[in-house]
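Overview (structure and organization)
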Amino acid sequence: MDLDTLRLLTRVIAENPDAEAEDEYLLNQFDGFIQFLLNENRTSSPDQQEAFKLSLHCLTNLCWSCHRNELLRKAIGSDERCRTFVSLLKDMLFQNLHPALRPLVIALLCNLTRDEVWASQFFQDDHERLISAVLPAKVIIDDTIPVMHISTVHLKLQLLLNMTSNRELRRRLCANGTFQTQLLTRLASESNPERAVLLAGIVKNCCFEDEYHPQLLGPKSQLMEVILRPLCGPEDSIDSEDKQALPVSLQQLIGNPSTVRSESNELKSTICHALLQVGLLLTWNALLPPDSALCYDLGSNSPSVCWDVFYPSGIAQI
């Protein structure tokens, strides 16, 4: 495929990424992109670099469903070629030799790792390197380098949410107090509804780890204050005793005519699932006598139920 054709194809796919297409057509497109990306004889010429960049663009905009991600695996073929493809993307993410390509790799990973099979391949190892690549110093930073119309921080949050579907990655993040503080601080100040959903989804996934509940619910944590705030509204009416049990900042919001409840049903649903996850163990203990053999300490192997790990509904399109 010559460069002019690839430019035209990139523009067409970007303008209508959701267009219905026959599987055979998609397989042919995927095969062409993969052949180029995995070509060991590819040079570092400007034209080759542009073609590489455009190929990543096209793959990202085409891979918006699990079915298409499955077709991509079929186009790649053998397990060995699939591992080579995964290694290629990881190397570009880790080494950052071509900074302009890195956001494109993150965008593609956002879409591919929504799929459990792809997620298991990308997240099965290199855990610390993955975290360091997405979160330098494990801090959620506002990177303002745009990828077309999407900021890099939005893409990083999408990828981070997918990463927390992996238990080992999730536990490593939960173990870092700085990350927890930054996550809650960012959620508390986030005005963009889509980003707020992503941040709340990360919080929810972190709530799957019972042994880290003491940190999440400890006296220095702002978890309850931060995630309850979007649920507060002017219509709320609770008795004074229950109100006194809430953080002071929330007491001032509940029932206040100037309080605005979040309009995002997705955000409210995600928050409720997070509350349910941390509340299951607390409720279990509260219902039992203190000396009961069935009463679990926070952090032990509890009888809590894990709900499905959250994946974002949004697709990275660039």
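In case you missed it, the structure is sitting above this.
Residues numbered from 1 in each chain as written. Predicted model: local features only at pLDDT ≥ 70, side-chain atom pairs only at ≥ 80, totals over all residues. Heavy atoms only, no water.

**Quick notes on the overall build of the protein**
Summing up its helical and strand segments, the protein has 17 helices and two strands in all. A total of 318 residues make up the protein; the buried ones form 47% of that total. Across the protein, the fraction of contacts at a sequence separation of at least 24, relative to all contacts at a separation of at least 6, is 71%. Total accessible area on the protein stands at roughly 16000 Å², and carbon and sulfur atoms take up 51% of it. (Helix = DSSP H or I, 4+ residues; strand = E, 2+ residues; numbered from the N terminus. Buried < 20%, exposed > 50% of the residue type's maximum accessible area, 1.4 Å probe, protein only. Contact = heavy atoms within 4.5 Å. Areas by Shrake-Rupley, 256 points an atom, 1.4 Å probe, with all protein chains shown as cover.)

**A look at the nonpolar core**
Core analysis: the biggest nonpolar cluster contains 80 residues, and Leu56, Leu72, Phe85 and Leu89 have the highest contact counts within it. When residues of this core are sorted by domain, at least three fall in each of domain 1 (1-98) and domain 2 (99-107 + 150-286). For Leu56, the contacting residues outside a window of four places in its chain are Leu37, Leu89, Met92, Leu101, Leu104, Val105 and Leu108. (Core = buried A, V, L, I, M, F, W, Y, C linked by side-chain atoms within 4.5 Å. Domains from an automatic or database assignment.)

**Observations concerning the environment of Phe52**
By secondary structure assignment, the location of Phe52 is in helix H3 (residues 46-62). Spatially, the C-alpha atom of Phe52 lies 8.6 Å from that of Phe33, the residues being 19 residues apart in sequence. Setting aside its immediate chain neighbours within four residues, Phe52 contacts Phe36, Leu37, Arg42, Leu88, Met92 and Leu101.

**Thoughts on the packing of aromatic side chains**
Applying the stated criterion across every chain, the model contains three aromatic pairs. On the basis of an interplanar angle of 55° and a centroid distance of 6.4 Å, the ring pair of Phe36 and Phe52 is categorised as tilted. Residue Phe36 is found in helix H2 (residues 23-37), and its partner Phe52 is found in helix H3; the two are separated by 16 residues along the sequence. Exposure class is identical for Phe36 and Phe52. Each is buried. (Phe/Tyr/Trp six-rings, centres within 6.5 Å; stacked < 30°, edge-to-face > 60°.)

**Some details on the layout of surface pockets**
One simple way to see leftover space: roll a probe sized like a water molecule over the atoms. As a volume, the largest pocket reaches approximately 420 Å³. In terms of lining, the largest pocket is formed by 19 residues, of which the most central are Leu37, Arg42, Phe52, Leu88 and Met92. Mapped onto the lining of the largest pocket, the elements with two or more residues apiece are H3 and helix H5 (79-95). Of all the elements, H5 adds the most residues to the lining of the largest pocket, at six residues. Looking at the lining of the largest pocket residue by residue, the class counts come to seven nonpolar, seven polar and five charged. (1 Å grid on protein atoms, 1.4 Å probe; cavity = no way out; pocket = protein on both sides within 12 Å on 5 of 7 lines; lining within 4 Å. Points joined across faces, edges and corners; volume = space filled by probe spheres on them. Nonpolar A, V, L, I, M, F, W, Y, C, P; charged D, E, K, R; others polar.)

**Digging into the pattern of salt bridges**
For the coordinates displayed, the defined rule picks out 15 salt bridges. Among the salt bridges present, the one from Arg172 reaches Glu128, with a minimum N-O distance of 3.0 Å. With Arg172 in helix H10 (residues 167-174) and Glu128 in helix H8 (residues 127-134), this residue pair connects regions lying 44 residues apart in the sequence. The closest approach of N and O atoms between Arg229 and Glu225, which form a salt bridge, is 3.2 Å. On the basis of relative accessibility, which here comes to 18%, the residue Glu225 falls in the buried class. When salt bridges that share partners are traced, they join Arg167, Arg170, Arg171, Glu209 and Glu211 into one network. (Salt bridge = Lys/Arg side-chain N within 4 Å of Asp/Glu carboxyl O.)

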